[in-house]
2 protein chains.
Amino acid sequence: MSSPARKLDIREANEALILRAAEKQFALHGFRGTTTEGIANEARLPKANVHYYFKTKANLYRQVLKGILEDWMDAAAAFEADDDPQRALTAYITAKMQFSRQRPYGSRVWASEIMRGAPVMERFLGTTLKTWVNARVRTIRSWISAGKIRAVDPESLLYMIWAVTQHYADFERQIAILNGGNAFDERQYRERVEQVLKLILGSVGFEAQEMTRVRQRASA
Amino acid sequence: MSSPARKLDIREANEALILRAAEKQFALHGFRGTTTEGIANEARLPKANVHYYFKTKANLYRQVLKGILEDWMDAAAAFEADDDPQRALTAYITAKMQFSRQRPYGSRVWASEIMRGAPVMERFLGTTLKTWVNARVRTIRSWISAGKIRAVDPESLLYMIWAVTQHYADFERQIAILNGGNAFDERQYRERVEQVLKLILGSVGFEAQEMTRVRQRASA
DNA sequence: GTCTATACGTTGATAGAC
DNA sequence: GTCTATCAACGTATAGAC
């Protein structure tokens, strides 16, 4: 009952529960606007437990961001896997759209953190992210030199990919209201991924012959 | 000295001061995370004055959003002014990029409001914005039918424009850090507007003259 | 119109019973 | 490991002197 293994299980389960609740609250209300009581209620635990497991609100916030960064890295890896621009961009955009779908609150915590000036993520942005961006910029430049894509500014292209893919997580509510009050279902979201791919690939010069199956925009 | 005209001047000046300070604070910390004291400090006024002019924090927040919506409408008008897709899209994207440049905090307040579920803007989104979007969707469909642009999903295109243009306001800090720690200067920003135009216009099939020849399909 | 003082609820964090 | 009770600090808002 109180064996070390059992205790670890409880700890892990509760920590995961609190992290998930915290991610949602931080996404909805930002760091300052989130209360530990709000997190506790969301996790259906007493407020004191939140402090027992994570000590301070600031520390819990850092742990939430850390989890998001891990998933971010996974999506980033999709870009590096292939040297063909169409395949690499498709893999990356698809991974980012999946992240937005599966972890919309994580995306919003990131957005909120940057909107307030990125006090916690500053270091990550200036080191890991900058290094990653520099490498991607070189890859894109090589594609341009080889005539594989149009001559666009690589950073502008990267930012467009981030902006568009994250928009579907961060502005989910607006999109749902404009969709008649309903969030996208799975079918709608898959179709949207196709459209995003078509638009972004189109912006660097690829036309949509490869994905003509999806195109169904003839009717009024 | 205390003539009605003079009093009105003071009121208007202070209200404007508080509104600007509030916009910044709400942008940085969201509705809940913003304190009336923070707004007062930002405006260099005593906390009580904020309540004297705007009564409650919630009301001040609504006034800030109202001001942002007005500017948003102005930018929206740029889309309707022209029936030629290239000119209409260029005017709209340029107006939106200018808004992001001149009012980055306004853009972030909007983002923050939507990320928390749009409790205040819900009505606007479902009425004015939805009507505007529907009209724009019809326009874009007519361009597609007339063969003036590629057959893309109109809403996906609109969302891409919003996402990309607002990204430069909402993620300003991240962009600055990736830019070596410095925010874009005027020249850099103008160039970025050109790149954004090139990418988005390219996504619907317009190619910049300079690189018409460069475009060749990547042979895998 | 301005601002100090303050009422009163909320919040982050902890102590200590279970 | 769990949770109730508690507290100092902070937050919104107002009263009332100037």
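Our structure's up above, just so we're on the same page.
Described below are features of the structure shown in this document. (Residues numbered from 1 in each chain as written. Chains lettered and ligands numbered in written order. Predicted model: local features only at pLDDT ≥ 70, side-chain atom pairs only at ≥ 80, totals over all residues. Heavy atoms only, no water.)

Focus: the packing of aromatic side chains
All chains considered together, the criterion is met by 29 aromatic pairs over all chains. Relative to Tyr-61 of chain A, the ring of Phe-31 of chain A has its centre 4.8 Å away and its plane inclined at 55°; by these criteria the two rings are tilted. On the criterion of sequence distance, the pair formed by Phe-31 of chain A in helix H1 (residues 4-33) and Tyr-61 of chain A in helix H4 (residues 57-80) is long-range, its members being 30 residues apart. Residue classification places Tyr-61 of chain A among the buried positions, given a relative accessible area of 2%. Considering the side-chain rings of Phe-79 of chain A and Trp-143 of chain A, the 5.9 Å spacing of their centres and the 5° angle between planes classify their relative orientation as stacked. Placement of Phe-79 of chain A in helix H4 and of Trp-143 of chain A in helix H7 (residues 122-145) is noted, with a sequence separation of 64 residues between them. One aromatic cluster is present, formed by Trp-72, Phe-79, Tyr-92, Trp-110, Phe-124, Trp-132 and Trp-143 of chain A through successive ring pairs. In this arrangement the basic side chain of Lys-57 of chain B is found over the ring face of Phe-31 of chain B, its NZ or CZ atom lying 4.8 Å from the centre. (Phe/Tyr/Trp six-rings, centres within 6.5 Å; stacked < 30°, edge-to-face > 60°. Helix = DSSP H or I, 4+ residues; strand = E, 2+ residues; numbered from the N terminus. Buried < 20%, exposed > 50% of the residue type's maximum accessible area, 1.4 Å probe, protein only. Lys NZ or Arg CZ within 6 Å of the ring centre and 35° of its normal.)

Re the interface of chain B and chain A
Counting residues at the interface gives 61 residues for chain B, matched by 65 residues for chain A. Between chain B and chain A, the buried area comes to about 6100 Å², and carbon and sulfur atoms account for 60% of it. Among the residues chain B hides against chain A, the three largest losses belong to Met-115, Leu-178 and Leu-199 of chain B. Together they make up 14% of the total. Counting across the chain B and chain A interface gives six salt bridges. A salt bridge links Arg-173 of chain B to Glu-122 of chain A; the shortest N-O distance between them is 2.4 Å. Counting across the chain B and chain A interface gives 18 residue pairs in polar contact (both at pLDDT 80 or more). Those elements giving two or more residues to the side of chain B that touches chain A turn out to be helix H1 (4-33), helix H6 (104-115), helix H7 (122-145), helix H8 (154-170), helix H9 (172-178) and helix H10 (186-203) of chain B. Here the residues of the side of chain B that touches chain A sort into 31 nonpolar, 14 polar and 16 charged. (Contact = heavy atoms within 4.5 Å. Buried area = accessible area lost by both parts, 1.4 Å probe. Salt bridge = Lys/Arg side-chain N within 4 Å of Asp/Glu carboxyl O. Polar contact = N/O pair within 3.5 Å; in protein donor to acceptor, adjacent residues only side chain to side chain. Nonpolar A, V, L, I, M, F, W, Y, C, P; charged D, E, K, R; others polar.)

A few points about the pattern of salt bridges
All names here are of chain B. Applying the stated criterion across every chain, the model contains 26 salt bridges over all chains. In this structure, Arg-108 and Glu-172 form a salt bridge, with 2.8 Å as the shortest nitrogen-oxygen distance. With Arg-108 in helix H6 and Glu-172 in helix H9, the pair connects residues that are 64 residues apart, well separated along the chain. Overall, the relative accessible area of 5% leaves Arg-108 in the buried class. Salt-bridge contacts for Arg-187 lead to Glu-191; the nearest nitrogen and oxygen are separated by 3.2 Å. Residue Arg-187 and its partner Glu-191 are located together in helix H10, separated by four residues, close to a single helical turn.

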